[in-house]
Amino acid sequence: MAREGDLLVEAMLIDGAWTAARGGDTLEVTDPATGAVVGTIPSGGAAEAEAAIAAAAQAFPAWRRRTADDRANVLEAWHALIVANTAELARIMTAEQGKPLAEATGEIAYAASFVKWFAAEGRRVAGHTIAAPTPDRRILALREPVGVCAAITPWNFPAAMITRKVAPALAAGCTVVVKPSELTPFTALALGKLAQQAGFPAGVLNIVTGLPDGIGGALTASPVVRKLSFTGSTRVGSLLMRQSADTLKRLSLELGGNAPFIVFDDADVDLAVAGAMASKFRNAGQTCVCANRLLVQDGIHDRFVAALGTAVRALKVGDGRTEGVTIGPLINAAATAKVAAHVDDALAHGATIAATPDGVTGDDRFVRPVLLTGATPDMRLASEETFGPVAPIFRFEREEEAVALANATPFGLASYFYTDDLHRAWRVGEALEFGMVGLNTGSIAMEMAPFGGIKASGLGREGGREGIEEYLETKAFHWAGLKGFGA
Ligand code: SIN
């Protein structure tokens, strides 16, 4: 079993104590690059989730009574500790998730940015007063924390998806139970350890590890949990929504995507290639916002394919700890099988491999990045999220055709387009039916901007000013019968 420094913990965090599962059951976490065991975690279930909910409920009254500034100071201490421990956190992340060390290091900075941002947003929470119908009445709209919140987080961004949910919740005065992916729990537990060092009181942040069903069932069934935030598939998101119906929880659901990436004839080719590489190949294509369908106009098609092909051939596939590697393993064999099936299906339907790095054959851990030309809407990769390093090019002639193709999906998370025509920029930007639109950029995820989708991509927004709203209720406080103001 590989041992990291002090931050690799093999226990859950419940009520400020590092805890084993009640029956002592454990789960192994394996390194996707090598198959080696990284460590074991407690295999918690409903009982552990209920203990964590009780701890969060117990901690809530005192945490909400603290001043916003006081809570923000603890968040800032957490931010400083995350930044100071970047190298160890990144090594843990690469060991359990597989992404190249440089990307893991970047994710820690990204994760920390949410903590810093929401510490500041927490200080700015403000209600308002309302003109009353009689002289003896005052009406205030007060902002209050939602209460105990649950966060169910995915394996593709083991740190950032936690801080993007937990930081606004804690800043708003909520307490939290986190259920990290059982594939990547160690990054979450390390963040929990740093949160303890930062000074969060016992029960304010709890982390329960184990398989999803028992924990998710307890979190959704509990009337004490007033809000659930989930990042993951649309299938699981709608299941959690159904499970949350009886307790009428507030929900934030960041679900699947099928992002179009449109390159118009008047685009800057170099900019578009850089954006396509960033969007498509980040985390080996395992992101909800990654370009799934590259729609390229006739007049620029060949130049764009040639330039993107050069960049794809330069990708280096391997263990994320090896210097220079840009594409790590996929998370597991099911993920590599799905990518291979999408490529096979595209080839069977007439696509061509235009570029791939030399010497990469692919196996059940690593896949061969490919640039495909001749993609068409009848291929699986046109309608399903590939979640891998496959860039299919769909060729189009007219702007309306591109917009129609882009919108022809039940998903509505991210979209991207490249043009230097300002009239087209407004037309297309407004016509795209997605929660996020990137014009001349492949990067749209950052702490100061709202992140989230419409249609089958979910509900709510994370990050930005909107991110903290998800953890606040509005209370109308009517103060009547004031004396000395007339009838
Ligand atoms: C995701 O893939 O779910 C999140 C991606 C991001 O935050 O950039």
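It should be noted that the structure appears before, not after, this text.
Residues numbered from 1 in each chain as written. Predicted model: local features only at pLDDT ≥ 70, side-chain atom pairs only at ≥ 80, totals over all residues. Heavy atoms only, no water.

### Considering the site of the ligand
Turning to step 1, where the next piece is worked out: Around the ligand lies a shell of 13 residues, among which Tyr110, Arg164, Glu254, Arg282 and Cys288 are the nearest.
Turning to step 2, where the next piece is worked out: Judged by the proximity of its atoms to the pocket grid, the ligand belongs to the largest cavity. (Near = heavy atom within 4 Å. 1 Å grid on protein atoms, 1.4 Å probe; cavity = no way out; pocket = protein on both sides within 12 Å on 5 of 7 lines; lining within 4 Å. Sits in = over half its atoms within 2 Å of the grid points.)

### Details of the sheet that holds strand E5 (residues 128-130)
Turning to step 1, where the next piece is worked out: Strand order in the open sheet formed by three strands is E5-E6-E22, with antiparallel pairing between adjacent strands. With one partner strand each, in any of the chains shown, E5 and strand E22 (472-479) form the two edges of the open sheet. Strand-to-strand twist in this sheet, taken as the mean axis angle between neighbours without regard to direction, amounts to 30 degrees.
Turning to step 2, where the next piece is worked out: One ladder, built from three bridges, connects E5 with strand E6 (residues 138-145); its direction is antiparallel. Residue pairing in the sheet places His128 in a bridge with Ala141 of E6. (Pairing = 2+ DSSP bridges. Helix = DSSP H or I, 4+ residues; strand = E, 2+ residues; numbered from the N terminus. Axes fitted to C-alpha atoms, helices over the stretch in contact; angles between N-to-C directions.)

### Some words on unusual backbone geometry
Turning to step 1, where the next piece is worked out: Positive phi, close to 55 degrees, is recorded for Phe387, a residue that is not glycine.
Turning to step 2, where the next piece is worked out: Note on placement: Phe387 falls in the loop between helix H12 (380-383) and strand E16 (390-396).
Turning to step 3, where the next piece is worked out: A positive phi angle is found at Asn440, which is not glycine, with a value near 60 degrees.
Turning to step 4, where the next piece is worked out: By the secondary structure assignment, Asn440 is in the loop between strand E19 (436-439) and strand E20 (454-455).

### Here's the deal with the pattern of salt bridges
Turning to step 1, where the next piece is worked out: Summed over the entire model, instances satisfying the criterion amount to 24 salt bridges.
Turning to step 2, where the next piece is worked out: Between Lys227 and Glu470 there is a salt bridge, and its shortest N-O distance comes to 3.3 Å. Separated by 243 residues along the polypeptide, Lys227 in strand E10 (residues 225-231) and Glu470 in the loop between helix H15 (466-469) and E22 bring together distant segments of the chain.
Turning to step 3, where the next piece is worked out: Residue Glu433 pairs with Lys455 through a salt bridge whose shortest N-O separation is 3.8 Å. Of this pair, Glu433 sits in the loop between helix H14 (422-431) and E19 while Lys455 sits in strand E20, and the two are 22 residues apart along the sequence.
Turning to step 4, where the next piece is worked out: A residue is classified by how much of its surface remains accessible, and Lys455, at 40% relative accessible area, is partly exposed.
Turning to step 5, where the next piece is worked out: Salt bridges sharing partners connect three or more residues here, namely Arg164, Lys165, Glu254 and Glu462. (Salt bridge = Lys/Arg side-chain N within 4 Å of Asp/Glu carboxyl O. Buried < 20%, exposed > 50% of the residue type's maximum accessible area, 1.4 Å probe, protein only.)

### Things to note about the sheet that holds strand E18 (residues 414-418)
Turning to step 1, where the next piece is worked out: Ordered by their spatial adjacency, seven strands build an open sheet running E14-E15-E16-E13-E12-E18-E19, and the pairing between neighbours is mixed. Taken across any chain shown, the strands that pair with only one partner, and hence form the sheet edges, are strand E14 (352-355) and E19. Between one strand axis and the next, the sheet turns by 25 degrees as a mean value, whatever way the strands run.
Turning to step 2, where the next piece is worked out: Set on the sheet, helix H9 (residues 269-281) makes contact with strand E12 (259-263), strand E13 (291-297), E16 and E18; between it and E12 the angle comes to about 170 degrees.
Turning to step 3, where the next piece is worked out: Lying on the sheet, helix H13 (residues 399-407) is in contact with E12, E13 and E16; it crosses E13 at an angle near 170 degrees. (Contact = heavy atoms within 4.5 Å.)

### Thoughts on H13
Turning to step 1, where the next piece is worked out: Within the span of H13, buried status applies to Glu399, Ala402, Val403, Ala406 and Asn407. The buried residues of H13 occupy an angular sector of 125 degrees when the element is viewed end-on, so they sit on one face.
Turning to step 2, where the next piece is worked out: The elements touched by buried residues of H13 are E12, E13, E16, H14 and E20. (Arc of directions from axis to C-beta.)

### A look at the packing of aromatic side chains
Turning to step 1, where the next piece is worked out: Inspection of the entire model under this criterion finds nine aromatic pairs.
Turning to step 2, where the next piece is worked out: Arranged with centres 5.6 Å apart and planes meeting at 85 degrees, the rings of Phe264 and Phe396 form a pair that is edge-to-face. Here Phe264, found in the loop between E12 and H9, pairs with Phe396, found in strand E16; they are 132 residues apart in sequence, far enough to count as distant.
Turning to step 3, where the next piece is worked out: Note on Phe264: relative accessible area 0%, which makes it buried.
Turning to step 4, where the next piece is worked out: By relative accessible area, Phe396 is classed as buried at 1%.
Turning to step 5, where the next piece is worked out: Ring-pair connections join several aromatic residues into one group, and the members of that group are Trp63, Trp78 and Phe200.
Turning to step 6, where the next piece is worked out: Over the aromatic face of Phe485 sits the side chain of Arg138, whose NZ or CZ is 4.6 Å from the ring centroid. (Phe/Tyr/Trp six-rings, centres within 6.5 Å; stacked < 30°, edge-to-face > 60°. Lys NZ or Arg CZ within 6 Å of the ring centre and 35° of its normal.)

### Here we look at the packing of helix H4 (residues 101-123) against helix H5 (residues 160-172)
Between two packed helices, what matters for the description is the angle formed by their axes and the separation of those axes.
Turning to step 1, where the next piece is worked out: Direction vectors running N to C along H4 and H5 enclose 15 degrees, while the axes themselves pass 8 Å from each other. When the axis of H4 is compared with that of H5, the two are roughly parallel. Crossing geometry of H4 relative to H5 is assigned as right-handed. Of H5, the residues touching H4 (which contributes Glu107, Tyr110, Ala111, Phe114, Val115, Phe118 and Gly122) are Ala160, Met161, Thr163, Arg164, Ala167, Pro168 and Ala171.
Turning to step 2, where the next piece is worked out: Here the residues of the contact of H4 with H5 are counted per class, giving 10 nonpolar, two polar and two charged. (Parallel < 35°, antiparallel > 145°, perpendicular 65-115°, else oblique. Left-handed = near helix turned anticlockwise from the far one by under 90°. Nonpolar A, V, L, I, M, F, W, Y, C, P; charged D, E, K, R; others polar.)

### A closer look at empty space enclosed by the protein
Turning to step 1, where the next piece is worked out: Considering all chains together, one arrives at three cavities of 30 Å³ or more under this definition.
Turning to step 2, where the next piece is worked out: The calculated volume of the largest cavity comes to roughly 90 Å³.
Turning to step 3, where the next piece is worked out: The wall of the largest cavity is formed by 13 residues, among which Phe157, Met161, Arg164, Glu254 and Phe451 lie closest to the centre.
Turning to step 4, where the next piece is worked out: Of the residues in the lining of the largest cavity, the class split is seven nonpolar, three polar and three charged. (Points joined across faces, edges and corners; volume = space filled by probe spheres on them.)

### Overview of the layout of surface pockets
Turning to step 1, where the next piece is worked out: When its volume is computed, the largest pocket comes out at roughly 1,100 Å³.
Turning to step 2, where the next piece is worked out: Trp155, Phe230, Gly232, Ser233 and Val236 are, among the 37 residues lining the largest pocket, the residues nearest its centre.
Turning to step 3, where the next piece is worked out: Those elements that provide at least two residues to the lining of the largest pocket are helix H7 (212-221), E10, helix H8 (234-244) and helix H11 (333-348).
Turning to step 4, where the next piece is worked out: Sort the elements by how many residues they give to the lining of the largest pocket and H8 lands first, with six residues.
Turning to step 5, where the next piece is worked out: Residue composition of the lining of the largest pocket, by class: 17 nonpolar, 14 polar and six charged.
Turning to step 6, where the next piece is worked out: Reported here for the second largest pocket is a volume of approximately 230 Å³.
Turning to step 7, where the next piece is worked out: In terms of lining, the second largest pocket is formed by 16 residues, of which the most central are Thr30, Pro32, Leu183, Ile331 and Asn332.
Turning to step 8, where the next piece is worked out: A class-by-class count of the residues in the lining of the second largest pocket yields seven nonpolar, three polar and six charged.

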